[in-house]
Amino acid sequence: MSTSARLHRAVVVLLTALVSVGGTTTVATAATTAPAEESEPGLYIVALEQPPRPDRPTAASRQRAAQDALLREVGGPTVLYRFSSALNGFAAKLTRAQVKQLRSDPAVALVERSTAQHIDSVHSPRFLGAPGAWQAAGGPEGAGRGTVVGVIDSGIWPENPSFAALPDSVRRGPAGFKGACQAGEQWDAADCNSKVVSARYFVKGFGEQNIAASEYLSPRDGTGHGSHVAAIAAGNHGVRIGVEGQRFGHASGMAPAARIAAYKVCWTAPDPSHDGCTTADAVAAVDQAVADGVDVISYALSGPSDARSVAVELAFLNATAAGVFVATSAGNRGPGAGTVGHASPWVTTVGASTHHLFQGSVVLGGKESFVGAMVSDQAVARTGIVLAEDAAASTSTSQEARLCKPGSLDAGMVQDKIVVCDRGTIARVDKSAAVARAGGVGMVLTNVRPDTVDSDFHAVPTVHVDVAAAHAIKKYVAETEDPTAAIDPSGSDGTPVPQIAPFSSRGPVSDGDGSVLKPDVTAPGVGVLSAVAPPSDGGRLWDLYSGTSMSAAHVAGLAALVMGEHPRWTPSMVKSSMSTTAEKLDGVSGPLAEGSGQVDAGRVLDPGVVLEVPVRSYRAWLAGRAPARNLNLPSIAVGDLTGSSRVVRRMTNVSRRTETYSARMLGLAGIGVAVRPRTLTLSPGETGRFVVRFDRETAPLEAAARGYLVWQGQRHQARMPVVVTPRTASAPGEASGSGASGSVGFPVRSGTDGAVDLRVSGLAGAKPVGLTLEPGDFDPVHPTADADTQEFPVDVPDGASLLRVELEGRDSDDLDLYLYRGHELVASAAGSGADETLTEVDPKPGDYTLYVSSAVAANGSTTTAQLYTWVVQDDAVGNLEVPDSLPAGSGEPFDVELSWHGLDPTTRWFGAVTYGDSDERTFVTLN
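What about the overall build of the protein chain?
Right, so step 1: The helix and strand tally for the protein chain stands at 15 helices and 53 strands.
Right, so step 2: Computed over its C-alpha atoms, the radius of gyration of the protein chain comes to 30 Å, within 12% of the 30 Å expected for a compact globule of 927 residues.
Right, so step 3: Along the three orthogonal principal directions, the C-alpha set of the protein chain runs to about 85 × 75 × 60 Å.
Right, so step 4: The proportion of buried residues among the 927 residues of the protein chain is 58%.
Right, so step 5: Counting every atom, the protein chain has about 35,100 Å² of accessible surface; 49% of that belongs to carbon and sulfur.
Right, so step 6: Of the side-chain charges in the protein chain, 75 are positive and 99 negative, and the distance between the mean point of each set is 9 Å.

This is how it looks when you write it as structure tokens:
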């Protein structure tokens with residue numbers, strides 16, 4: 001429903017490189033430094049390296065003791081939460097020095113600042129084929145029986161009929177579940193029942209003092225969003241829906257017999273821009289949900305693309321290890337590439353697709369019609385139509401009237417007419433209310449820029465149209481004497497469904513080498529009708545919301561349905577059953593938008609085969625010990641194809657009969673594909689291994705080739721999305737050498753049979769600048785030079801290709817770098833040591849200021865260091881020489897030799913080599 005929040009991070013990464021220098025081998029050490037804003041005093045989540053073991057009391061006792069020891073070492077900060085089930089750690093208020101001390105401790109896996117995230121926000125069960133799955137489960141009263149869906153969101157409105165107590169025949173609670181009903185504002189134990197079996201709230205991270213007066217300090221839903229997703233996932237079956245006199249049939253959750261555990265972590269603030277859900281509260285909720293014993297987690301909060309160093313993603317990994325299926329929203333930042341969140345391979349990341357289009361049309365002058373979004377089933381007979389800006393009340397401006405601000409319309413000019421209102425500034429439904437109050441009988445809501453058209457419950461029949469239709473309608477009204485129009489609720493443009501929603505976030509994943517494919521699947525997320533909280537939804541019990549939040553809730557409910565029928569299946573098996581049976585969407589969106597496609601509830605209980613990922617494989621990938629491409633996922637992504645690549649998968653027959661499967665590849669134009677073996681005969685419970693080899697043939701470089709690997713059996717079909725991206729070259733990230741003259745060689749692998757041009761940026765020279773500073777505090781918001789901080793101006797001219805800063809200090813000191821362009825912090829390196837590096841590629845020209853700050857002095861009084869700053873321009877070639885090109889030979893390794901001569905030995909030199917038209921580059925440092 002709302003747009004995903006961006007995680008503002010400026011992480012500097014030095015790539016590990018193994019290079020040959022003058023007959024010896026050196027390693028450029030990998031380092032990841034924390035952004036400046038994540039080192040300042042505040043609330044932090046701290047996770048220990050040792051995973052939680054809540055199932056073993058002695059292990060739990062040891063991990064508590066380890067947490068206590070860490071807290072004592074850093075001076076006993078205030079602790080808000082302790083984690084022991086999904087995470088081994090705590091959330092505490094830390095100073096800058098405590099943050100740095102903990103980050104340097106080898107027993108600590110991560111120290112992450114708690115940030116505010118935002119929510120990514122019935123006919124859908126029937127559209128997805130759920131009735132067939134319900135029949136296999138013994139009817140709706142058995143669909144999801146024995147499972148609990150944990151909804152981490154904005155709470156729940158228990159009076160909604162979707163959450164009424166279950167029939168006496170299914171009232172016995174799920175075995176082993178240990179939830180609780182936490183009392184609070186307008187909430188007591190009686191608000192839980194056999195449907196809502198647990199409800200808790202988490203507010204310490206957000207702060208009680210920061211919530212709005214209209215919010216409830218309890219599990220009660222303050223926005224309607226939590227109720228909406230809970231009802232989608234596991235709302236009761238056959239609940240009659242009516243909104244403002246209009247009937248919409250009967251609603252049902254995906255798993256109507258499942259129970260709901262509500263964990264409220266999202267809060268409204270007095271200023272709506274401050275609404276949100278802090279990661280400290282969210283991690284605490286995940287930890288509690290695992291301890292309570294939920295089977296499924298529905299998590300509709302925005303998430304990062306980095307799965308390797310984020311507390312909530314690590315908590316989800318441990319939840320998965322405990323047998324909990326996690327459904328997350330992909331995000332609402334589409335349609336741009338690389339916008340998908342929740343990149344972790346152990347969660348099921350869900351994009352939004354269409355399922356039922358609420359449409360109608362506005363008919364101009366009894367002739368030309370334009371289709372848009374419309375919920376009302378009430379027609380408006382042909383009548384006058386007026387532009388709102390031409391009907392401004394005497395007390396309002398035409399600009400206020402154009403937006404249909406409440407009270408801005410002249411009743412005499414609007415009476416009994418259809419009013420054309422521009423979208424923006426004012427809530428959409430408030431515009432139709434303004435039209436109704438002025439006596440209008442209908443509204444045309446017009447987009448003023450490319451955007452979604454939305455299904456809303458309006459005060460008068462309303463058609464919401466796109467920009468093109470808006471221009472045509474306004475032109476007709478402005479140029480026609482006595483213009484007329486009618487509104488027809490039966491109007492439709494025949495758009496097929498399902499299709500990917502424009503707002504749904506897309507891959508590829510920006511973390512790593514692009515060898516994890518996200519999103520995994522899609523589910524309905526456009527105009528989904530479900531339960532809400534009346535106080536925040538105009539007194540309604542039901543409303544239409546859109547967003548990947550709704551999509552994730554569908555998949556969470558579907559997971560409960562599957563786990564109810566297959567209680568021994570692991571979360572990765574459940575994910576596989578959804579992925580391999582999903583339905584390809586209409587249109588040309590492809591796997592980077594839709595993953596495997598829209599889930600098909602009618603096939604998910606009997607997928608034929610599944611691909612299971614052992615939790616140890618996830619942990620090996622997380623630790624960098626295994627490549628992502630060989631995780632046994634029900635999708636294949638090769639993000640860095642140079643020459644050929646080999647991928648291994650294993651699939652297991654989960655049906656009751658022996659079946660033979662044959663492989664075929666669809667799509668993947670320009671990529672040679674060999675599957676071995678091409679047929680697999682699997683008996684019940686048997687696992688078969690297959691290998692897929694990819695070779696670039698004619699596919700363009702630096703562009704994703706997309707397709708599907710289909711395993712066709714006699715009774716089942718398993719379809720896996722495949723994305724392969726051929727690269728121009730694969731090269732080390734860093735190379736170094738020394739001497740006034742010399743050379744350095746390193747291996748580069750070409751990705752093409754044609755020659756790859758090599759280009760040089762630099763060399764640029766830098767003399768060392770000595771620094772002596774006293775340790776102190778640095779405020780990134782108000783940077784100031786003083787005894788602990790020194791500032792340096794940096795001029796970046798037009799055409800500069802690189803800006804690099806290196807700081808070298810004593811091993812036990814702690815120094816940080818902060819780079820500003822004007823007053824904007826553009827990059828920082830604020831790790832726990834003295835040696836720091838910043839690299840900006842293609843920096844914007846302008847005047848920069850570099851601050852070097854001392855945080856910790858090993859001797860207690862001063863830190864000393866040397867600073868180097870380079871601004872590299874492409875035409876400043878200097879004396880660095882490289883071959884003109886790599887020789888032809890796709891997949892062949894070549895030794896590239898860089899040489900230089902006549903350099904000033906008192907200066908350190910820096911430059912880079914790039915390969916063809918790719919972003920691949922090797923940074924070169926010469927001492």
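Structural notes on the environment of Glu313
Right, so step 1: Mapping Glu313 onto the fold places it in helix H7 (residues 311-321).
Right, so step 2: Relative accessible area serves as the criterion here: at 0%, Glu313 is assigned to the buried category.

Points about the sheet that holds strand S30 (residues 636-641)
Right, so step 1: One open sheet holds the five strands; their spatial order is S30-S37-S36-S32-S34, and the pairing between them is mixed. The open sheet is flanked by S30 and strand S34 (679-682), the only strands paired with a single partner. On average, each strand axis in the sheet is inclined to that of its neighbour by 20°, with strand direction left out of account.
Right, so step 2: By the bridge criterion, six bridges tie strand S32 (residues 659-667) to strand S36 (residues 705-712) in an arrangement that is antiparallel. Across the sheet, the residue bridging to Ala663 is Trp711, located in S36.

Quick word on the side chain of Thr349
Right, so step 1: You can see Thr349 is positioned in strand S18 (residues 348-353).
Right, so step 2: Here His342 takes part through its backbone oxygen, which lies 2.7 Å from a polar atom of the side chain of Thr349.

Examining the state of the cysteines
Right, so step 1: With the rule as written, the count across this model stands at three disulfides.
Right, so step 2: Paired by a disulfide, Cys181 and Cys192 hold their sulfur atoms 2.1 Å apart. Between Cys181 and Cys192, the disulfide has an S-S torsion of 90° and is therefore right-handed. Placement of Cys181 in the loop between strand S10 (148-153) and strand S11 (196-201) and of Cys192 in the loop between S10 and S11 is noted, with a sequence separation of eleven residues between them.
Right, so step 3: Judged by relative accessible area, Cys181 falls into the partly exposed class, the value being 24%.
Right, so step 4: Classification of Cys192 by relative accessible area gives buried; the value is 13%.
Right, so step 5: Covalent S-S linkage joins Cys404 and Cys421, the inter-sulfur distance amounting to 1.9 Å.

Details of the pairing of strand S44 (residues 800-809)
Right, so step 1: Where burial is concerned, most of S44 is hidden: eight out of the ten residues are buried.
Right, so step 2: Both S44 and strand S49 (residues 863-873) contribute to a ladder of nine bridges, which runs antiparallel. Opposite Val805, over in S49, you have Thr869 as the bridge partner.
Right, so step 3: Strand direction decides the pairing type here: S44 and strand S47 (residues 836-841), joined by six bridges, are antiparallel. By the bridge assignment, Leu803 is partnered in S47 with Glu840.

Here's the deal with the sheet that holds S49
Right, so step 1: The four strands lie next to each other as S42-S49-S44-S47, forming an open sheet whose pairing is antiparallel. In this open sheet, the two edge strands, each paired with only one partner strand, are strand S42 (769-773) and S47. The average angle at which neighbouring strand axes cross in this sheet is 20°, direction not considered.

Some remarks on the pattern of salt bridges
Right, so step 1: Across all of its chains, the model carries 30 salt bridges by this definition.
Right, so step 2: The closest approach of N and O atoms between Glu659 and Arg715, which form a salt bridge, is 3.8 Å. Of the two residues, Glu659 is situated in strand S32 and Arg715 in the loop between S36 and strand S37 (717-726); the sequence distance between them amounts to 56 residues.
Right, so step 3: By relative accessible area, which is 37% here, Arg715 ends up partly exposed.

Digging into the nonpolar core
Right, so step 1: Within the largest apolar cluster, 62 residues are counted, with the highest numbers of intra-cluster contacts made by Val149, Phe325, Val555 and Met578.
Right, so step 2: At ten residues, helix H12 (residues 548-565) tops the list of elements feeding residues into this core.
Right, so step 3: Leu87, Cys277, Ile297 and Leu631 belong to the second largest nonpolar core, which has 52 residues in total.

As for the packing of H7 against helix H15 (residues 615-622)
Right, so step 1: Between H7 and H15, the shortest axis-to-axis distance is 10 Å and the interhelical angle comes to 160°. Here H7 is positioned roughly antiparallel relative to H15, judged by the angle of their axes. At the point where H7 passes H15, the crossing takes the left-handed sense. Note on element contacts: H15 touches H7 through Val615, Tyr618, Arg619 and Leu622, opposite Leu314, Leu317, Asn318, Thr320 and Ala321.
Right, so step 2: Partitioned by chemical class, the residues of the contact of H7 with H15 number six nonpolar, two polar and one charged.

Side note on the packing of aromatic side chains
Right, so step 1: Overall, the coordinates contain 17 aromatic pairs when judged by the stated rule.
Right, so step 2: Plain terms: the ring middles of Tyr820 and Tyr851 are 5.5 Å apart, the flat faces sit at 85° to each other, and that makes the pair edge-to-face. Of this pair, Tyr820 sits in strand S45 (residues 814-821) while Tyr851 is found in strand S48 (residues 846-856), placing the two residues 31 residues apart along the sequence. Take Tyr820 and Tyr851: they sit in the same class, and that class is buried.
Right, so step 3: The ring of Tyr708 carries the charged tip of Arg719 above its face, separated from the ring centre by 4.6 Å.

A closer look at the environment of Val562
Right, so step 1: Along the chain, the position of Val562 falls in helix H12.
Right, so step 2: Exposure remark for Val562: the relative accessible area of 0% places this residue in the buried category.
Right, so step 3: Along the primary structure Val562 and Ser577 are separated by 15 residues, whereas in three dimensions their C-alpha atoms are 8.7 Å apart.
Right, so step 4: When residues no more than four places from it in sequence are discounted, the contact partners of Val562 are Trp569, Val574, Ser577, Val604 and Leu605.

A short note on unusual backbone geometry
Right, so step 1: Note that the residue after Val497, namely Pro498, is joined by a cis bond; omega there is 5°.
Right, so step 2: Secondary-structure assignment places Pro498 in the loop between strand S25 (484-488) and strand S26 (521-524).
Right, so step 3: Between Gly507 and Pro508 the backbone carries a cis peptide bond, its omega angle lying at 5°.
Right, so step 4: Relative to the helices and strands, Pro508 is located in the loop between S25 and S26.
Right, so step 5: Of note in this structure, Thr425 is not a glycine but carries a positive phi near 65°.
Right, so step 6: Looking at where Thr425 falls in the secondary structure, it is placed in the loop between strand S22 (418-422) and helix H10 (428-437).
Right, so step 7: Its relative accessible area of 76% is what places Thr425 among the exposed residues.

What counts as what
Residues numbered from 1 in each chain as written. Predicted model: local features only at pLDDT ≥ 70, side-chain atom pairs only at ≥ 80, totals over all residues. Heavy atoms only, no water. Helix = DSSP H or I, 4+ residues; strand = E, 2+ residues; numbered from the N terminus. Rg over C-alpha atoms; globule rule 2.2 N^0.38 Å. Buried < 20%, exposed > 50% of the residue type's maximum accessible area, 1.4 Å probe, protein only. Areas by Shrake-Rupley, 256 points an atom, 1.4 Å probe, with all protein chains shown as cover. Lys, Arg positive; Asp, Glu negative; His and termini not counted. Charge placed at Lys NZ, Arg CZ, Asp CG, Glu CD. Pairing = 2+ DSSP bridges. Axes fitted to C-alpha atoms, helices over the stretch in contact; angles between N-to-C directions. Polar contact = N/O pair within 3.5 Å; in protein donor to acceptor, adjacent residues only side chain to side chain. Disulfide = S-S within 2.5 Å. Salt bridge = Lys/Arg side-chain N within 4 Å of Asp/Glu carboxyl O. Core = buried A, V, L, I, M, F, W, Y, C linked by side-chain atoms within 4.5 Å. Parallel < 35°, antiparallel > 145°, perpendicular 65-115°, else oblique. Left-handed = near helix turned anticlockwise from the far one by under 90°. Contact = heavy atoms within 4.5 Å. Nonpolar A, V, L, I, M, F, W, Y, C, P; charged D, E, K, R; others polar. Phe/Tyr/Trp six-rings, centres within 6.5 Å; stacked < 30°, edge-to-face > 60°. Lys NZ or Arg CZ within 6 Å of the ring centre and 35° of its normal.

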